[in-house]
Amino acid sequence: MRTFSVVTTVSTVFTHTVAMLSIVGIAITGFYPGIIVLLLVALIPIASKFFSKKIIDKSSNFKRNFYTTFIIVNMLSILVVLWMSFVIVHDRVLHDCC
């Protein structure tokens, strides 16, 4: 439970920061379709926190599987956000992609 809480909090802070900076970036560089994906990925940590509150009455085995699954999903969402941020910066700001 502690690891889930830490990973979800880091994922929430990181993905929402990048999503907000992407929205600001729209004003500077124009609309980019990847921003929609970033905003959707930002919903993953919110959903995992929401559903973790709903499983209080479930069995410990179910909770353990849920926490393990969403720890992995939240860590993957951090990697996706890092990768998409890198691609968006290089494509829209640095203009060094094909």
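Attention in this report is confined to the structure presented alongside it. (Residues numbered from 1 in each chain as written. Predicted model: local features only at pLDDT ≥ 70, side-chain atom pairs only at ≥ 80, totals over all residues. Heavy atoms only, no water.)

A closer look at the nonpolar core
Step number 1: Counting residues in hydrophobic clusters, the biggest one holds eight residues: Val 18, Tyr 32, Ile 35, Leu 38, Val 41, Val 81, Met 84 and Ile 88.
Step number 2: Of all the secondary structure elements, the ones that give two or more residues to this core are α2 (34–41) and α4 (60–93).
Step number 3: Those residues in contact with Met 84, other than ones at most four positions away along the chain, are Gly 34, Val 37 and Leu 38.
Step number 4: In terms of nonpolar packing, the next biggest core, distinct from the first, is built from six residues, Phe 4, Val 7, Phe 66 and Ile 71 among them. (Core = buried A, V, L, I, M, F, W, Y, C linked by side-chain atoms within 4.5 Å. Buried < 20%, exposed > 50% of the residue type's maximum accessible area, 1.4 Å probe, protein only. Helix = DSSP H or I, 4+ residues; strand = E, 2+ residues; numbered from the N terminus. Contact = heavy atoms within 4.5 Å.)

Thoughts on the packing of α2 against α4
Step number 1: α4 packs onto α2 with a crossing angle of 160° between their chain directions and a minimal axis gap of 10 Å. One way to sum up the angle between α2 and α4 is to call them roughly antiparallel. Here the hand of the crossing between α2 and α4 comes out left-handed. Contact with α2, carried on its side by Gly 34, Ile 35, Val 37, Leu 38 and Val 41, involves Ser 77, Val 80, Val 81, Met 84 and Ile 88 of α4 and no other residues of that element.
Step number 2: Of the residues contributing to the contact of α2 with α4, the split by class is eight nonpolar, two polar and no charged. (Axes fitted to C-alpha atoms, helices over the stretch in contact; angles between N-to-C directions. Parallel < 35°, antiparallel > 145°, perpendicular 65-115°, else oblique. Left-handed = near helix turned anticlockwise from the far one by under 90°. Nonpolar A, V, L, I, M, F, W, Y, C, P; charged D, E, K, R; others polar.)

Observations regarding the side chain of Ser 52
Step number 1: One can find Ser 52 in helix α3 (residues 43–54).
Step number 2: Those residues in contact with Ser 52, other than ones at most four positions away along the chain, are Phe 4, Phe 66 and Tyr 67.

Here's the deal with a nonpolar patch on the surface
Step number 1: A contiguous nonpolar surface patch, about 490 Å² in accessible area, is contributed by Phe 31, Ile 36, Leu 40, Leu 43 and Ile 46.
Step number 2: At the level of elements, α2 and α3 are the ones that each hand at least two residues to the nonpolar patch.
Step number 3: Within the element layout of this structure, Leu 40 appears in helix α2.
Step number 4: Given a relative accessible area of 54%, Leu 40 falls into the exposed group. (Patch = residues over 30% accessible without salt bridge, like charges linked within 9 Å, V, L, I, M, F, W, Y side chains within 5 Å. Areas by Shrake-Rupley, 256 points an atom, 1.4 Å probe, with all protein chains shown as cover. Salt bridge = Lys/Arg side-chain N within 4 Å of Asp/Glu carboxyl O.)

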